[in-house]
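Fold and contact review
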Amino acid sequence: MSDTPYIPPRVWTWDKANGGAFANINRPIAGATHDKPLPVGKHPLQLYSLATPNGQKVGIMLEELLAAGHMGAEYDAWLVRINEGDQFSSGFVSANPNSKIPALMDHSVSPPQRVFESGAILLYLAEKFGAFLPTDPAKRAATISWLFWQMGSAPLLGGGFGHFFAYAPDKYEYPIDRYTMEVKRQLDVLDRHLAENDYMAGDEYSIADMAIWPWYGGVVLNRAYGAAEFLDAASYKNLMRWAEQIDARPAVTRGRIVNKASGPLEEQLHERHDASDFELRTQDKLEGAA
Ligand SMILES: N[C@@H](CCC(=O)N[C@@H](CS)C(=O)NCC(=O)O)C(=O)O
């Protein structure tokens, strides 16, 4: 990294990796890099994902649906290793032309329906099963508002703050200051709202909580970027109360480890094909048996 300020050329060209944690997969073009079909399991819903915050949203929703008795939500979850470029296979690109996890294929309809963008997947499943999206118009509007708030806000947390605080090859004060300011503002937005509401949409747990918790719960519970102290997360008391309350839900405990390929082995469930996999097929069990 150079200490001198960057003077942009008239036209940018891609002639080198830009460094940082994702340097080997970043590229300025879309489309597939290799031919490989997606695997398809036995269940109606096929999830292609990784347990990043965006991926966790869908694992949590599917586990909540099953816990609520919606057996049509049975699913196979396949691991997409984004650091190895799995999102650029021809099969994945046909499920999501944007090459980002999570992607869902619904094989219970003909032809199978693809759904991409985590917020769209949550809405699709909520409408399909009539669950976790209130029917009362005011509560429904609140749910959708907070769902879209998350989709618009989290890129500043992940792509802005998280990138420059945790992933960039060097630490620079300007971007860290800029995004810390914005993230603390967002944490305060949530904290003030949760001072007066049990959940994001009021008194009902909904897809808005499932979208926001993996990102903002992850930060205040110190599971993302190691930044809880830096952001003084403990001072957001209402947000912390809500984060811990959601963390204690059994479906959340299961859903957040679906397609998890890092961290403690007992929290890594690379693929999920059956409810018993949470007991029998986490990496501690698989590697212990090998
Ligand atoms: N807005 C998208 C964002 C998805 C996203 O950024 N996914 C990341 C992981 S969290 C990814 O697949 N990155 C791979 C890449 O950038 O090549 C959503 O919510 O689904």
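So, here is what we can say about the structure in this document. (Residues numbered from 1 in each chain as written. Predicted model: local features only at pLDDT ≥ 70, side-chain atom pairs only at ≥ 80, totals over all residues.)

1. Digging into the overall build of the chain
Just so we agree on the cut-off: Each helix corresponds to a stretch of at least 4 residues labelled H or I by DSSP, and each strand to a stretch of at least 2 residues labelled E; elements are numbered beginning at the N terminus. Just to be clear, the radius of gyration here is over C-alpha atoms, and the globule rule we use is 2.2 Å times residues to the power 0.38. Distance between backbone-placed C-beta atoms decides contact: two residues are in contact if it is within 7 Å.
Of the regular secondary structure elements, the chain holds 10 helices and 4 strands. Listing each helix as α and each strand as β along the chain from the N terminus yields β-α-β-α-β-β-α-α-α-α-α-α-α-α. Its C-alpha atoms give the chain a radius of gyration of 20 Å, within 12% of the compact-globule value 19 Å for 290 residues. Along the first, second and third principal axes, the C-alpha atoms of the chain reach 60 × 50 × 45 Å. In the chain, of all internal contacts separated by at least 6 residues, the share reaching a separation of at least 24 is 65%.

2. A word on the site of the ligand
Counted only if it meets this: What makes a residue near a molecule or strand is its C-beta atom, placed from the backbone, lying within 6 Å of it. In this classification, the charged set is Asp, Glu, Lys and Arg, the nonpolar set is Ala, Val, Leu, Ile, Met, Phe, Trp, Tyr, Cys and Pro, and all remaining amino acids, among them Gly, are polar.
Near the ligand the following residues occur: Ile-25, Thr-52, Asn-54, Ile-82, Gln-87, Ser-99, Lys-100, Ile-101, Pro-102, Glu-117, Ser-118 and Gly-119. Of the residues assigned to the shell around the ligand, the class counts are 4 nonpolar, 6 polar and 2 charged.

3. Remarks on the pairing of strand β2 (residues 75-79)
Regular strands place side chains that alternate from one sheet face to the opposite one. Inclusion rule: Think of it as a crowd count around each C-beta: if 20 or more other C-beta atoms lie within 10 Å the residue is buried, if 12 or fewer it is exposed, and in between it is partly exposed, with C-beta placed from the backbone throughout. Each pair of strands is called paired provided DSSP finds at least two bridges between the two strands.
Burial of β2 is extensive: 5 of the 5 residues sit out of reach of the surface. Burial along β2 is two-sided: Tyr-75, Ala-77 and Leu-79 facing one way and Asp-76 and Trp-78 facing the other are all buried. With 5 bridges joining them, strand β1 (residues 45-49) and β2 adopt parallel strand pairing. Bridged to Ser-49 within β2 is Leu-79.

4. Details of the sheet that holds β2
The condition that has to hold: Each axis is a line fitted through C-alpha atoms, taken for helices only over the stretch in contact, and angles between the N-to-C directions span 0 to 180 degrees.
One open sheet holds the 4 strands; their spatial order is β2-β1-β3-β4, and the pairing between them is mixed. Looking at which strands have only one partner, the edges of the open sheet turn out to be β2 and β4 (113-116). Between one strand axis and the next, the sheet turns by 20 degrees as a mean value, whatever way the strands run. As judged from the 4 bridges shared by β1 and strand β3 (residues 103-106), these two strands associate in the antiparallel manner. Bridging from a neighbouring strand, Leu-45 pairs with Asp-106 of β3. Contacts from helix α1 (residues 53-67) reach β1, β2 and β3, with the element oriented near 155 degrees to β1.

These values are about where atoms sit, not about what they do.
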